[in-house]
Amino acid sequence: MELENKTQIPKFLLLEFSEEPEQQPLIFVIFLSMYLITLFGNLLIILLVSSDSRLHTPMYFFLSNLSFVDICFTSTTIPNMLWNIRTQSKVITYEACVTQMYFYIFFAGLDDILLAVMAYDRYMAICQPLQYMVIMSPRLCGLLILLSWIMSIMYSLLHSSMVLRLSFCSNLEIHHFFCELNQVIQLSCSDTFLNKIVIYFSTSLFGGCPFAGIIYSYSKIVSSITGISSVQGKYKAFSTCASHLSVVSLFYCTVLGVYFSPAVAHSSHTSATASVMYTVVMPMLNPFIYSLRNKDIKRSLKRFYLEMPGIQLPVT
């Protein structure tokens, strides 16, 4: 009886990227640096949007929410990985693994939906400019964020509850730096057919619908922009959504590259390395993309810098 209780509470080994001890300090420094840059960049975006009244618009409201989600997204995996390297421990308990999996799926799904919501916002701004502020009211923006959270919670609960029904025996080595859903399911000694079916249909629905919404929104945006007669008008219209389009392209290209590349599909180590692109690199690059390609953010950042204590404004 005591043996059965022990087998019901398994522990997993996160093998991460390299088992060579001499490479661990380098991996620690690289991921710590990327994590700190991600925190600083996204916190700065949130601070600028909240402190500058000129940025109190639907577009920047959604951007600040995306920055918050990116912080949470990376915080579900990187701190645990850094702690494991620091303590030279690869063990993660069953409870911690399921918890990490839940929040990872939750924030990844929320990231996906927010990109679709931001695409809809750009569609309304460019294709329906006269009705934009009326339609995209604070009430609607709040409802869209609330709906995004509810859908992501349900999506994450579905997958987590499906994992809880599985039993695990031995050989619980996860060739990843976090508890990735597919790899955890592959370690189960239970029948995982239902889990795979749920993953296939729910991911197709939950990931496909936002992606279809983004494609539709930008097809309408491109059609609207091509109808503008002046070159300056076309450039101004396109510049309002260039940053978001860059982030969307980066997100979906990395995700599709990870899960549909033949080399990645047949190598757990390659999959773990490739997944760093959308789990770590993308949240780190988002603030730079928006700050470098967005005039409003750059102006707000300049004003914020000039108003810092110790910085004297030029006398006019």
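Residues numbered from 1 in each chain as written. Predicted model: local features only at pLDDT ≥ 70, side-chain atom pairs only at ≥ 80, totals over all residues. Heavy atoms only, no water.

### A look at the overall build of the protein chain
The secondary structure content of the protein chain amounts to 13 helices and three strands. Looking at the protein chain residue by residue over its 316 residues, the buried ones come to 45%. In the protein chain, once contacts between residues fewer than 6 apart in sequence are set aside, the share between residues at least 24 apart is 78%. When the accessible surface of the protein chain is totalled, it reaches about 17000 Å², and 68% of it is carbon and sulfur. (Helix = DSSP H or I, 4+ residues; strand = E, 2+ residues; numbered from the N terminus. Buried < 20%, exposed > 50% of the residue type's maximum accessible area, 1.4 Å probe, protein only. Contact = heavy atoms within 4.5 Å. Areas by Shrake-Rupley, 256 points an atom, 1.4 Å probe, with all protein chains shown as cover.)

### Examining the pairing of strand 1 (residues 11–14)
As a general feature of sheets, a regular strand has side chains that alternate between the two faces. Across the two faces of strand 1 the burial differs, with Phe12 and Leu14 buried and Lys11 and Leu13 not buried at all. As paired elements, strand 1 and strand 2 (residues 91–93) share three bridges and run antiparallel to each other. Of the residues in strand 2, the one forming a bridge with Lys11 is Thr93. (Pairing = 2+ DSSP bridges.)

### Observations regarding the pattern of salt bridges
Under the definition given, this model contains four salt bridges. For Arg122, the salt bridge goes to Asp121, with nearest N and O atoms at 2.8 Å. Take Arg122: its relative accessible area is 7%, and that puts it in the buried class. Accessibility expressed as a relative area gives 1% for Asp121, which makes it buried. Salt-bridge contacts for Arg299 lead to Asp296; the nearest nitrogen and oxygen are separated by 2.5 Å. With Arg299 and Asp296 both in helix 13 (residues 295–306) and three residues apart, the pair spans about one turn of that helix. Note on Arg299: relative accessible area 44%, which makes it partly exposed. One network of salt bridges, with partners in common, ties together Asp52, Arg54 and Arg303. (Salt bridge = Lys/Arg side-chain N within 4 Å of Asp/Glu carboxyl O.)

### Notes on the packing of helix 3 (residues 58–75) against helix 7 (residues 138–164)
Where helix 3 contacts helix 7, the axes come no closer than 11 Å and their chain directions differ by 25°. When the interaxial angle is binned, helix 3 and helix 7 end up roughly parallel. Handedness of the helix 3/helix 7 crossing: right-handed. Facing Pro58, Phe61, Phe62, Asn65 and Phe68 of helix 3, the residues of helix 7 in contact are Cys141, Gly142, Leu144, Ile145 and Trp149. A breakdown of the residues in the contact of helix 3 with helix 7 according to their chemical character gives eight nonpolar, two polar and no charged. (Axes fitted to C-alpha atoms, helices over the stretch in contact; angles between N-to-C directions. Parallel < 35°, antiparallel > 145°, perpendicular 65-115°, else oblique. Left-handed = near helix turned anticlockwise from the far one by under 90°. Nonpolar A, V, L, I, M, F, W, Y, C, P; charged D, E, K, R; others polar.)

### With respect to the packing of aromatic side chains
With the rule as written, the count across this model stands at 18 aromatic pairs. Note on Tyr123 and Tyr216: the rings are 6.5 Å apart at their centroids and 50° apart in plane angle, and the pair reads as tilted. Here Tyr123 is found in helix 5 (residues 94–127), whereas its partner Tyr216 is found in helix 9 (residues 193–226), with 93 residues between them in sequence. By relative accessible area, which is 17% here, Tyr123 ends up buried. We classify Tyr216 as partly exposed; its relative accessible area is 48%. Linked through ring pairs, Phe31, Phe73, Tyr104, Phe177 and Phe178 together constitute an aromatic cluster. (Phe/Tyr/Trp six-rings, centres within 6.5 Å; stacked < 30°, edge-to-face > 60°.)

### Here's the deal with the UniProt feature "transmembrane region" (unreviewed entry) in the protein chain
The feature "transmembrane region" (unreviewed entry), as given by UniProt, occupies residues 26–49, 61–82, 102–120, 140–158, 197–216, 237–260 and 272–292 in the numbering adopted here. Regarding residues 61–82, the helix share stands at 91% and the strand share at 0%, and the terminal C-alpha atoms are separated by 32 Å. With 100% helix and 0% strand, residues 197–216 has end C-alpha atoms that lie 28 Å from one another. (UniProt positions renumbered as here; feature names shortened; annotations may be inferred.)

### Here we look at a nonpolar patch on the surface
Together, Phe193, Leu194, Ile197, Tyr200 and Phe201 line one region of the surface with nonpolar side chains, adding up to about 560 Å² of accessible area. Inspection of the secondary structure assignment puts Leu194 in helix 9. Since its relative accessible area comes to 44%, Leu194 is described here as partly exposed. (Patch = residues over 30% accessible without salt bridge, like charges linked within 9 Å, V, L, I, M, F, W, Y side chains within 5 Å.)

### Remarks on the packing of helix 2 (residues 24–51) against helix 4 (residues 78–87)
Where helix 2 contacts helix 4, the axes come no closer than 10 Å and their chain directions differ by 155°. With respect to helix 4, the axis of helix 2 lies roughly antiparallel. Two packed elements cross with a definite hand, and for helix 2 against helix 4 that hand is left-handed. Residues Gln24, Ile27, Phe28, Phe31, Leu32 and Tyr35 of helix 2 pack against Ile78, Pro79, Met81, Leu82, Ile85 and Arg86 of helix 4. Considering only residue class, the contact of helix 2 with helix 4 consists of ten nonpolar, one polar and one charged.

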